[in-house]
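Structure assessment
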Amino acid sequence: MQVSTLTMPAEASTVEALADTFRILGDPTRIRIVGALAQGELCVHELSDAVGISESAISHQLRLMRTMRIVRGRREGRCVYYTLDDQHILDLFQQGLRHVSEVGK
């Protein structure tokens, strides 16, 4: 096991922010959204089709995810295209997938 130079954060605000990030990522619908966006930029309509829920429900989830800096939007005309906020979010998603894929090996 690789030892990290990172240690447990002492600041309460940092601990809360980290817990909030994991809390947001702990919802199956939001994980499906992250999974769809891991493939590339999508608009609300495309996300709705990919995840299988209404555009209204997608918009609600995206609003929460934008607040937590999980996703970001780019407006093009009347359409807003969403992508993962940064590489860290993709890394968390991919690490989580690897972890659950290894369970029981």
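The structure under discussion appears in the preceding block.
Note that the structure is predicted; figures quoted are calculated from it, not measured.

For the rest of this paragraph, the subject is the side chain of Ser 48. Within the secondary structure, Ser 48 is located in helix H3 (residues 44-51). Those residues in contact with Ser 48, other than ones at most four positions away along the chain, are Ile 53, Ser 54, Glu 55 and Ile 58.

This part covers the pattern of salt bridges. In this structure the tally under the stated criterion is 3 salt bridges. Put simply, Arg 74 and Glu 41 hold a salt bridge, and the shortest N to O gap is 2.6 Å. Placement of the pair is Arg 74 in strand S2 (residues 71-76) and Glu 41 in the loop between helix H2 (28-37) and strand S1 (42-43), with a sequence separation of 33 residues. Of the charged contacts in the structure, one is a salt bridge between Arg 74 and Glu 76, with a shortest N-O distance of 2.8 Å. Assessed through its relative accessible area of 35%, Arg 74 is described here as partly exposed. Residues participating in the shared-partner salt-bridge network are Glu 41, Arg 74 and Glu 76.

With that out of the way, let us pick up unusual backbone geometry. For Arg 69, which is not glycine, the phi torsion reads 60° and is therefore positive. Note that Arg 69 resides in the loop between helix H4 (55-67) and S2.

Right, let's get into the sheet that holds S2. Across the sheet, 3 strands lie side by side as S1-S3-S2; this open sheet has antiparallel pairing. The open sheet is flanked by S1 and S2, the only strands paired with a single partner. Looking at chain direction, S1 and strand S3 (residues 79-84) are connected through 2 bridges and run antiparallel. Counterpart to Leu 42 in the pairing with S3 is Tyr 82. Relative to S3, H2 is tilted by about 95°, and along the sheet it contacts S1, S2 and S3.

On the surface, Leu 18, Phe 22 and Leu 92 cluster together into a nonpolar patch covering about 270 Å² of accessible area. Relative to the helices and strands, Leu 92 is located in helix H5 (residues 87-102). Owing to a relative accessible area of 34%, Leu 92 belongs among the partly exposed residues under this scheme.

Conventions adopted
Within any chain, residue numbers begin from 1 and follow the written order of that chain's sequence. Side-chain atom pairs in this predicted model are given and counted only at pLDDT of 80 or more, local residue features only at pLDDT of at least 70, and totals for whole chains, interfaces and linings cover all residues. Water and hydrogen atoms play no part in the side-chain values, which are based on all heavy atoms of the structure. Going along the chain from the N terminus, every DSSP run of H or I of four or more residues is numbered as a helix, and every run of E of two or more is numbered as a strand. In this analysis, two residues are considered to be in contact whenever any of their non-hydrogen atoms come within 4.5 Å of each other. Think of a salt bridge as a Lys or Arg side-chain nitrogen and an Asp or Glu carboxyl oxygen that are within 4 Å of each other. We call a residue buried when its accessible area falls under 20% of the maximum for its residue type, exposed when it is over 50%, and partly exposed in between, using a 1.4 Å probe and counting protein chains only. Strand pairing follows a simple DSSP-based rule, namely that at least 2 bridges must link the two strands. Axis lines are fitted through C-alpha atoms, for helices just across the contact stretch, and the angle between N-to-C directions can take any value from 0 to 180 degrees. Any residue with relative accessible area above 30% and no salt bridge may belong to a patch, with like charges joined within 9 Å and the nonpolar Val, Leu, Ile, Met, Phe, Trp and Tyr side chains within 5 Å. Throughout, the Shrake-Rupley method with a 1.4 Å probe supplies accessible areas, and for residues the shown protein chains are the sole cover considered.

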